[in-house]
Amino acid sequence: RKHPLEIPPPSEKDWLKDDEEDFFLQDPDQMRDALPQPFRMVNKLVMQIFDNAMEIIERKEMLREVQKLKVQPTKCFPTAEFQVTGRANCLAVSGKYIFVGLSVGLAAFKVSDYKEVCAWDAVKTEICAIHVSDLGNDDHVVLAVDEMGLVCLFCFHNESFLLIKILNEVEDISKRSACMEVVLSRGGDYAGVLLQGNIEAWLEIYRLPKSSWLKEVEKSPGSAAGLACTERRAEHSSEAEVFFLLQESPVSANKADAKLSLPVLLLKVKPPKPITGSSYKSPLDALKKVDEDSMLGLGYNHLIKDSQWEQQEAIFRSTYQEYLEAEGEREITEEIPRRATFHFLLPSRILPVGPEVEVQPDVPAGISVHWDGSHNLCLYSLNCPLKEKVDPDPKPDVVWPCAAPIACSAVSSCSRYLALACEDATITIWDEHLGYPLSVTAILEEPLIRSIHFL
């Protein structure tokens, strides 16, 4: 042999790893007890799995402690239940009573003991919606909408229902209009009913003579004799239950059963018509149709001819023809809207009130109305003088134009703030008392806002 045998130098494979160097520093006996490969690798993987599991457990324990520190929602459980005749569709609470709309009429229960005190089922109709307002002295005004879309106005007095009037009743059935929405103002001074006919929709605003009702029911307590609730006991083998049912009046149920003052129709608001070409020959003719120059109108009194609009449409199509062809040209037809959102407004600076009008701070002084697809928020005053014939096309007292069609709106519980959400995802908060906007917020993440509420 040319070269003698010698110990080869240690290679890199024999070097101790970083995690193995300090085995003997922690425990000298581990130098002898260290596991050989591949058991050492298996032990390392098992320990890593245990470490990861402990991290997950600690993370979940921290989240659990954070959840304990948060305010937990209160869990409510029913304290009592009461049986109703038929199926309950809707209910409303006012004062000491619970009013329930049933599949066979209307019923009232006491809040204290949940006992039925009165029921109205003269025509066995199904009640789909109910609105109630307290008039004081345990008297209430009740608006009920049945399955046919008829709006029944009741006065609940002395634990009995007094049918005053069916607001949208007509003799000719073919001309009957169905109720789409009904709103009762706080305090029961006004009622708004959105009606849908065969061709068009409109909004009716009624003034409710609640002070006259209170005087009339006190003077003639026997006016409810035909609607008095009688008690009928039904004996069962195990227990006896007491039912309070309404005796059918010999008079037709479609007629008023109580001789109380009828509500007064103040406004009949129709949806805005599509703006068409002007027929005026001069600016003077258009100005004659304008009552005042202190407010914006709905845009009907203009001098733009049909030919000018057709010419503008032709220029637009020729300029952006390639974009219209790329997105698919669709014919746009303007239709009269059939849906409206309206709110009762308390006295504020946005509605003009004359010095001769006595304004009460807790009684609505106007309404705000916007129709689907409309850019304008129209404000109408409720302090208008009574007329023998209602104006078929009343003009709004104030018009707020918006940059985009109004999608939805809301009024705060204190009736001071009004929120408008447009179809361009822009929300504007108005201060009604001062009459100016507080904030304008654009929500870019939401393409369309469908509802808005104050918390």
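Our subject is the structure that appears above.
Residues numbered from 1 in each chain as written. Predicted model: local features only at pLDDT ≥ 70, side-chain atom pairs only at ≥ 80, totals over all residues. Heavy atoms only, no water.

Digging into the overall build of the chain
Line of reasoning, step 1. Helix and strand counts for the chain come out as 8 helices and 22 strands.
Line of reasoning, step 2. The buried share of the chain, taken over its 455 residues, is 33%. (Helix = DSSP H or I, 4+ residues; strand = E, 2+ residues; numbered from the N terminus. Buried < 20%, exposed > 50% of the residue type's maximum accessible area, 1.4 Å probe, protein only.)

Points about the packing of aromatic side chains
Aromatic ring pairs are described here by two measures, namely the spacing of the ring centres and the angle between the planes.
Line of reasoning, step 1. Applying the stated criterion to the full structure yields 12 aromatic pairs.
Line of reasoning, step 2. Judged by centre distance (5.0 Å) and plane angle (70 degrees), the ring pair of Tyr97 and Phe156 falls under edge-to-face. On the criterion of sequence distance, the pair formed by Tyr97 in strand 2 (residues 97-102) and Phe156 in strand 7 (residues 151-157) is long-range, its members being 59 residues apart. Phe156 carries the same exposure label as Tyr97, and that label is buried. (Phe/Tyr/Trp six-rings, centres within 6.5 Å; stacked < 30°, edge-to-face > 60°.)

Section: the pattern of salt bridges
Line of reasoning, step 1. In the structure shown here, the tally under the stated rule is 8 salt bridges.
Line of reasoning, step 2. Of the charged contacts, one joins Arg64 and Glu61 as a salt bridge, the two residues approaching to 3.6 Å between their closest N and O atoms. Remark: Glu61 and Arg64 occur in helix 4 (residues 39-69); sequence separation between them is 3 residues, near one turn of the helix.
Line of reasoning, step 3. By relative accessible area, which is 37% here, Glu61 ends up partly exposed. (Salt bridge = Lys/Arg side-chain N within 4 Å of Asp/Glu carboxyl O.)

Section: unusual backbone geometry
Line of reasoning, step 1. The residue Ser415 is not glycine, and still its phi comes out positive at about 65 degrees.
Line of reasoning, step 2. Within the secondary structure, Ser415 sits in the loop between strand 19 (406-411) and strand 20 (417-422).
Line of reasoning, step 3. Overall, the relative accessible area of 11% leaves Ser415 in the buried class.
Line of reasoning, step 4. The phi dihedral of Ala425 is positive, around 60 degrees, even though this residue is not glycine.
Line of reasoning, step 5. Relative to the assigned elements, Ala425 resides in the loop between strand 20 and strand 21 (426-431).
Line of reasoning, step 6. What makes Ala425 buried here is its relative accessible area of 4%.

A closer look at the side chain of Gln196
Line of reasoning, step 1. For Gln196, the location among the structural elements is in strand 10 (residues 190-196).
Line of reasoning, step 2. According to the relative accessible area criterion, Gln196 is buried, its value standing at 16%.
Line of reasoning, step 3. One polar contact links the side chain of Gln196 to the main-chain carbonyl oxygen of Glu200, over a distance of 3.5 Å.
Line of reasoning, step 4. Residue contacts for Gln196: discarding those within four places in its chain leaves Ser177, Ala178, Met180, Ala201 and Arg338. (Polar contact = N/O pair within 3.5 Å; in protein donor to acceptor, adjacent residues only side chain to side chain. Contact = heavy atoms within 4.5 Å.)

As for the pairing of strand 3 (residues 105-110)
Line of reasoning, step 1. Most of strand 3 sits out of view: 5 of its 6 residues are buried.
Line of reasoning, step 2. The pairing of strand 2 with strand 3 spans 6 bridges and is classified as antiparallel. Residue pairing for strand 3: Val100 is matched across the bridge by Ala107.
Line of reasoning, step 3. Connecting strand 2 to the next strand, strand 3, in antiparallel fashion are 2 residues. (Pairing = 2+ DSSP bridges.)

Thoughts on the sheet that holds strand 14 (residues 264-269)
Line of reasoning, step 1. Across the sheet, 4 strands lie side by side as 9-10-11-14; this open sheet has antiparallel pairing. Both edges of this open sheet fall to strand 9 (178-184) and strand 14, since each of them pairs with a single strand only. Here the average twist between neighbouring strands, direction ignored, is 20 degrees.
Line of reasoning, step 2. When strand 9 meets strand 10, the two strands line up antiparallel, connected through 6 bridges. Each bridged residue has a counterpart across the sheet, and for Leu184 the counterpart in strand 10 is Ala191. (Axes fitted to C-alpha atoms, helices over the stretch in contact; angles between N-to-C directions.)

Considerations on the environment of Lys165
Line of reasoning, step 1. Within the secondary structure layout, Lys165 lies in strand 8 (residues 160-166).
Line of reasoning, step 2. With relative accessibility at 28%, the residue Lys165 sits in the partly exposed group.
Line of reasoning, step 3. Apart from residues lying up to four places away in sequence, Lys165 is in contact with Val151, Cys152, Leu153, Leu262 and Pro263.

Some thoughts on the nonpolar core
Line of reasoning, step 1. With 22 residues, the main nonpolar core has Leu143, Leu153, Leu208 and Trp213 as its most contacted residues.
Line of reasoning, step 2. Counting only elements with at least two residues in this core, the list comes to strand 6 (139-146), strand 7, strand 8, strand 9, strand 10, strand 11 (201-207) and helix 5 (210-219).
Line of reasoning, step 3. Dropping the residues within four chain positions of it, Leu208 is found in contact with Val141, Leu153, Leu184, Gly188, Asp189, Tyr190, Ala191, Trp213 and Pro263.
Line of reasoning, step 4. Counting residues in hydrophobic clusters, the runner-up holds 21 residues, among them Phe99, Ala108, Ile130 and Val132. (Core = buried A, V, L, I, M, F, W, Y, C linked by side-chain atoms within 4.5 Å.)

So, the sheet that holds strand 21
Line of reasoning, step 1. Spatial ordering of the open sheet is given by 19-20-21-22, a layout of 4 strands whose pairing is antiparallel. What marks the edges here is a single partner per strand, and that holds for strand 19 and strand 22 (436-442). Shown here is a sheet whose adjacent strand axes are inclined to one another by a mean of 15 degrees, direction ignored.
Line of reasoning, step 2. Relative to strand 20, strand 19 runs antiparallel, the two being bridged by 5 bridges. Across the sheet, residue Ala410 finds its bridge partner in strand 20, namely Ala419.

Considerations on the environment of Leu150
Line of reasoning, step 1. Tracing the backbone through its elements, the reader meets Leu150 in the loop between strand 6 and strand 7.
Line of reasoning, step 2. Spatially, the C-alpha atoms of Leu150 and Ala178 are 6.3 Å apart, while their sequence positions differ by 28 residues.
Line of reasoning, step 3. Those residues within four positions of Leu150 in sequence are excluded, and the remaining contacts are Ala144, Val145, Ile166, Asn168 and Arg176.

Some words on the side chain of Thr426
Line of reasoning, step 1. Mapped onto the secondary structure, Thr426 falls in strand 21.
Line of reasoning, step 2. With relative accessibility at 16%, the residue Thr426 sits in the buried group.
Line of reasoning, step 3. Engagement of the side chain of Thr426 in a polar contact is seen with the side chain of Asp424, the distance being 3.2 Å.
Line of reasoning, step 4. Dropping the residues within four chain positions of it, Thr426 is found in contact with Leu420, Ala421, Val440, Thr441 and Ala442.

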